[in-house]
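Residues per chain are reported as follows:
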Amino acid sequence: MTTTGTATPPVLSTRRRIAGVGLATASGVLVALQSRINGELGVRLADGIAAAVVSFGLGLLILVVLVPATRGGRRGLTALRGALRAGTLRPWQCLGGVCGAFLVATQGLTIGTLGVAVFTVAVVAGQSGSSLLVDRAGIGPTGRQPITPNRLVGAVLTVLAVLLAVGDRLGDPGALALALLPLAAGVGIAWQQAVNGQVRAASGSAMTATLVNFTVGTVALLATFAVEVAVRGRPAGSLPSEPWLYLGGAIGIVFIALAAALVRFTGVLLLGLATIAGQIVGAVLLDVVLPTEASHPGVNTLLGAALTLVAVLVAALRR
């Protein structure tokens with residue numbers, strides 16, 4: 001048994017909860033931007049797995065330099081080793097990066113066809129339900145979180161909101177089949193946020209938790225890419241020259257670090273819902289300002305984005 005099963009959830013001030021929700025929402029906007037970047041990189045390389053390797057690999061390089069160079073990072077690495085030796089942190093709790101790697105891979109594989117908004121629908125559908133279960137099981141650093149009526153209604157409203165936002169695209173059977181990949185990735189996000197929060201709590205450093213996440217994710221992606229090359233050969237595309245296509249890893253660092261730091265203030269469900277709100281807003285803005293062939297923003301999309309924000313507010317309110 002881990003210490004999470006018996007941990008008493010901390011009593012948090014309303015101000016901290018609101019600040020945590022605000023930062024999580026902003027990080028969700030970054031996820032939408034990362035999705036567009038990695039999706040475009042996957043199209044240019046003609047290989048979503050290769051795009052994920054580039055994104056995660058660049059993020060890992062930044063962290064390998066940054067974390068040991070800071071006092072907090074060095075202390076975090078020392079505390080992490082101590083927690084693993086003492087058994088207060090289990091090795092499986094360091095594997096959240098596998099889910100992150102899968103999410104980034106699905107960005108490169110599907111967004112070129114689905115668009116950011118439909119991709120977000122699938123992720124939300126998986127993330128909302130699994131966040132409830134992860135909180136109820138007490139996997140996150142806040143311990144067991146009850147499934148209150150507000151939290152349940154908030155999760156349901158979020159799914160309904162994103163369905164409204166892109167309902168005109170859900171009649172395409174091909175899009176629905178392809179959307180199963182980000183749906184599965186959404187299920188994994190809740191678990192990733194919970195265990196990354198445990199690594200952050202054990203190490204005392206959000207950047208250390210982020211380094212662990214990127215290390216595990218990069219290893220998983222490299223193994224997948226090696227199998228793909230052995231079976232299908234090297235990617236047909238070439239590395240693009242535009243610098244902005246290589247910012248996905250840096251954006252991922254900010255998102256993972258914020259999630260690892262904020263989950264102890266919000267819980268997994270509220271963190272997920274706030275992130276989803278940011279993703280929806282960011283996806284709508286991107287599809288309106290920088291539309292692609294796969295994006296079709298309209299009135300329903302805007303209404304769905306507004307309903308998502310209402311859902312987060314409902315879930316954040318105490319009974």
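Residues numbered from 1 in each chain as written. Predicted model: local features only at pLDDT ≥ 70, side-chain atom pairs only at ≥ 80, totals over all residues. Heavy atoms only, no water.

(A) Geometry of the overall build of the protein chain. Across its full length, the protein chain holds 10 helices and zero strands. For the protein chain, the α and β elements follow one another from N to C terminus as α-α-α-α-α-α-α-α-α-α. Among the 319 residues that make up the protein chain, the fraction classed as buried is 52%. On the protein chain, roughly 13700 Å² of surface is accessible, and the fraction owed to carbon and sulfur atoms is 70%. (Helix = DSSP H or I, 4+ residues; strand = E, 2+ residues; numbered from the N terminus. Buried < 20%, exposed > 50% of the residue type's maximum accessible area, 1.4 Å probe, protein only. Areas by Shrake-Rupley, 256 points an atom, 1.4 Å probe, with all protein chains shown as cover.)

(B) Spotlight on a nonpolar patch on the surface. On the surface, a nonpolar cluster with roughly 400 Å² of combined accessible area is contributed by Ile147, Leu152, Val156, Leu160 and Leu163. Mapped onto the elements, Ile147 comes out in the loop between helix H4 (96-137) and helix H5 (149-165). By relative accessible area, which is 41% here, Ile147 ends up partly exposed. (Patch = residues over 30% accessible without salt bridge, like charges linked within 9 Å, V, L, I, M, F, W, Y side chains within 5 Å. Salt bridge = Lys/Arg side-chain N within 4 Å of Asp/Glu carboxyl O.)

(C) Highlighting the pattern of salt bridges. Counted under the stated rule, the structure contains three salt bridges. Between Arg232 and Glu228 there is a salt bridge, with the nearest N and O atoms lying 3.3 Å from each other. In this pair, Arg232 and Glu228 are both assigned in helix H8 (residues 206-232), four residues apart and thus about one turn of the helix distant. The exposure class of Arg232 is exposed, given its relative accessible area of 64%. Residue class for Glu228 comes out buried when judged on its relative accessible area of 11%. Salt bridges linked by common partners bring Glu40, Arg44 and Glu242 together as one network.

(D) Up close: the packing of helix H3 (residues 71-86) against H8. The interhelical angle for the contact between H3 and H8, taken along N-to-C directions, is 65°, at an axis separation of 8 Å. On the basis of the axis angle, H3 is roughly perpendicular to H8. Considering only the axes of H3 and H8, their crossing is right-handed. Residues Gly72, Gly73, Gly76, Leu77 and Leu80 of H3 form the contact with H8, whose own contacting residues are Thr208, Leu211 and Val212. Partitioned by chemical class, the residues of the contact of H3 with H8 number four nonpolar, four polar and no charged. (Axes fitted to C-alpha atoms, helices over the stretch in contact; angles between N-to-C directions. Parallel < 35°, antiparallel > 145°, perpendicular 65-115°, else oblique. Left-handed = near helix turned anticlockwise from the far one by under 90°. Contact = heavy atoms within 4.5 Å. Nonpolar A, V, L, I, M, F, W, Y, C, P; charged D, E, K, R; others polar.)

(E) Quick peek at the packing of H3 against helix H7 (residues 180-203). At a minimum axis distance of 7 Å, the contact between H3 and H7 shows a crossing angle of 105°. Classified by the angle their axes make, H3 and H7 are roughly perpendicular. Across from Arg75, Gly76, Ala79, Leu80 and Ala83 in H3, the residues of H7 making contact are Val199, Ala202 and Ser203. Looking at the contact of H3 with H7 residue by residue, the class counts come to five nonpolar, two polar and one charged.

(F) Summary view of H3. A rise of 1.5 Å per residue sets the reference length of H3, with its 16 residues, at 22 Å; its end C-alpha atoms lie 23 Å apart and thus fit the reference within 8%. Of the positions making up H3, those classed as buried are Gly73, Gly76, Leu80 and Ala83. All buried residues of H3 fall inside an arc of 85° around its axis, so they share one side. Facing away from the buried side of H3 by over 90 degrees, the exposed positions are Arg71, Arg75, Arg85 and Ala86. Immediately beyond the C-terminal end of H3, within one or two residues, lies Gly87, with a positive phi of roughly 85°. (Expected span 1.5 Å × (residues − 1). Arc of directions from axis to C-beta.)

(G) Region of the structure containing the environment of Trp191. Following the sequence through the fold, Trp191 ends up in helix H7. For Trp191, a relative accessible area of 23% translates into the label partly exposed. Between the alpha carbons of Trp191 and Gly96 there is a distance of 7.1 Å; along the sequence they are 95 residues apart. Residue contacts for Trp191: discarding those within four places in its chain leaves Trp92, Leu95, Gly96, Cys99, Val134 and Ile139.

(H) Representation of the confidence of the model for the protein chain. Predicted confidence across the protein chain gives a mean pLDDT of 81, with 86% of residues reaching 70 or more. Ranking the elements of the protein chain by mean pLDDT puts helix H6 (residues 173-178) last with 70 and H3 first with 94. Contacts of residues 1-10 to residues separated by more than four positions or lying in other chains number 20 contacts, the stretch itself having pLDDT below 50. (pLDDT = per-residue confidence, 0-100.)

(I) Looking closely at helix H9 (residues 248-289). In this model H9 runs just 19 Å from its N-terminal to its C-terminal C-alpha over 42 residues, more than 12% under the 62 Å that 1.5 Å per residue would give. Burial analysis of H9 places 33 of its 42 residues in the buried class, which makes it a mostly covered element.

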